[in-house]
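Close look at the chain arrangement
If you want the building blocks of each chain, they are given just below.
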Amino acid sequence: LPWYTVENFERLRAMAESVKSDVYLVGENWSAQESIALYDQAIGCFDFPFSQAEGYVGSAVLMKDAEYFVTSAAYYYNLIHSKNPDAILRPFLSNHDMDRCAGYFSVSNGQMQMAANLYLLYNGSPFLYYGEEIGMKGSRGSSMSDANRRLAMLWGDGDTVRDPGSASYSGQNQINGTVLSQVGKDDSLFTHYKKLLALRAANPEIARGAVYAVEVKKLAYYRKSPEKAYAQICGYMDRLGLAEGWL
């Protein structure tokens, strides 16, 4: 029998909890959502359906289809919790094995900002891949190495951190700036991420409240906890006729 059975992961969790009762375990199950739900009973899994250009977030942003995100994400939430009522979701946009999301989401037209809105204000504990908050790019392209996805952080302060030796991604593609160039600027992507994380911290029902999709032209869902309810409206609009963006 393979070692990666649900039963073996349950034994692993029990062993870890015997050492530290509040241990936090996360597994990588890059497969169908039904499989993720199955294994989530034993060890919390990353929520791959939210990730990449074709995931819940990417499809909604790129197709300008808020209804797709609301219905898909709510279905997934219910699927996971049907197997494990105490589950904590772990959504993310990209990781070290994927092309960076700023390569297919634009910062200038608000796509990166909306993608962040959708997953950072969703249920659970989101995982943020370093550099995402400043719009770092990086893709495998024609190379057969993931080094281009694991480039050195763009601090912008004269640091000596270097890209992996096998990286071939051109620095000319990094058009969104560095940490230093974005800190303190109200309209920067970095500041947008800070505001979203502050909003999460101030409203715990965002992370832990139950998810319900509601019929507001199927563009909204809300979170409900014993303390209060939180609603998020997802919609596309034309911002003052100047540029298309997300609300």
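Please read these numbers as outputs of a predicted model, since none were measured by experiment.

Attention now moves to the overall build of the protein. Looking only at helices and strands, the protein features eight helices and five strands. Reading the protein from its N terminus to its C terminus gives the helix and strand order α-α-α-α-α-α-α-α-β-β-β-β-β. By sequence separation, contacts in the protein at least 24 residues apart represent 58% of the contacts at least 6 residues apart. Approximately 12,900 Å² of the protein is accessible, and the part contributed by carbon and sulfur atoms is 56%.

Interpreting fine coordinate detail is not advised for predicted regions of low pLDDT. In this model, the protein carries an average pLDDT of 87, and 86% of its residues clear a pLDDT of 70 or more. The least confident element of the protein is strand E5 (residues 243-246), whose mean pLDDT is 36; the most confident is helix H6 (residues 179-182), at 98. Confidence drops under pLDDT 50 across residues 237-247; counting only partners more than four residues distant or on other chains, this segment forms 25 contacts.

Turning to its location among the elements, Ala 152 is positioned in the loop between helix H5 (111-120) and H6. Of the residues examined, Ala 152 reaches a relative accessible area of 11% and is grouped as buried. C-alpha of Ala 152 to C-alpha of Ala 167: the two residues are 15 residues apart in sequence and 9.9 Å apart in space.

Here we come to the environment of Glu 10. Its place among the elements puts Glu 10 in helix H1 (residues 6-19). Taking the relative accessible area as the measure of exposure, Glu 10 reaches 33% and is therefore partly exposed. Placed 30 residues apart in sequence, Glu 10 and Asp 40 show a C-alpha to C-alpha distance of 9.9 Å.

Between H5 and helix H7 (residues 189-202), whose axes approach to 10 Å, the crossing angle comes to 15°. Considering their axes alone, H5 and H7 lie roughly parallel with respect to each other. Where H5 crosses over H7, the two elements pack in a sense that is right-handed. Contacts from Met 112, Gln 113, Ala 116, Asn 117, Tyr 119 and Leu 120 of H5 reach H7 at Leu 189, His 192, Tyr 193, Leu 196, Leu 197 and Arg 200. Of the residues that constitute the contact of H5 with H7, the class distribution is eight nonpolar, three polar and one charged.

The contact between helix H2 (residues 33-40) and helix H4 (residues 66-83) brings their axes to 8 Å, and the two run at 35°. Crossing angle aside, the handedness with which H2 passes H4 is right-handed. Here Gln 33, Glu 34, Ile 36, Ala 37 and Asp 40 of H2 come into contact with H4, specifically with Tyr 75, Tyr 76, Leu 79, Ile 80 and Lys 83. Looking at the contact of H2 with H4 residue by residue, the class counts come to six nonpolar, one polar and three charged.

Before going further, it helps to examine the side chain of Gln 33. One can find Gln 33 in helix H2. With near-sequence residues (within four places) excluded, Gln 33 lies in contact with Pro 49, Tyr 56, Tyr 75, Tyr 76 and Leu 79.

Two side chains with opposite charge may pair up if their charged atoms get near one another. Applying the stated criterion to the full structure yields seven salt bridges. Among the ionic pairs, Arg 150 bridges to Asp 97, the shortest N-O distance being 2.7 Å. Highlighted residues: Arg 150 in the loop between H5 and H6 and Asp 97 in the loop between H4 and H5, separated in sequence by 53 residues. Arg 149 is paired through a salt bridge with Asp 99; the nearest N and O atoms lie 2.9 Å apart. In this pair, Arg 149 is assigned in the loop between H5 and H6 and Asp 99 in the loop between H4 and H5, connecting sequence segments 50 residues apart. Asp 99 gets classed as partly exposed once you look at its relative accessible area, which sits at 30%. Connected through shared salt-bridge partners, Asp 97, Asp 99, Arg 140, Asp 146, Arg 149 and Arg 150 make up one network.

With that settled, the discussion passes to H7. In this model H7 runs 20 Å from its N-terminal to its C-terminal C-alpha over 14 residues, within 8% of the 20 Å that 1.5 Å per residue would give. In this structure, the buried side of H7 is in contact with H5, H6 and helix H8 (205-208).

Rules used throughout
- Residues numbered from 1 in each chain as written.
- Predicted model: local features only at pLDDT ≥ 70, side-chain atom pairs only at ≥ 80, totals over all residues.
- Heavy atoms only, no water.
- Helix = DSSP H or I, 4+ residues; strand = E, 2+ residues; numbered from the N terminus.
- Contact = heavy atoms within 4.5 Å.
- Areas by Shrake-Rupley, 256 points an atom, 1.4 Å probe, with all protein chains shown as cover.
- pLDDT = per-residue confidence, 0-100.
- Buried < 20%, exposed > 50% of the residue type's maximum accessible area, 1.4 Å probe, protein only.
- Axes fitted to C-alpha atoms, helices over the stretch in contact; angles between N-to-C directions.
- Parallel < 35°, antiparallel > 145°, perpendicular 65-115°, else oblique.
- Left-handed = near helix turned anticlockwise from the far one by under 90°.
- Nonpolar A, V, L, I, M, F, W, Y, C, P; charged D, E, K, R; others polar.
- Salt bridge = Lys/Arg side-chain N within 4 Å of Asp/Glu carboxyl O.
- Expected span 1.5 Å × (residues − 1).

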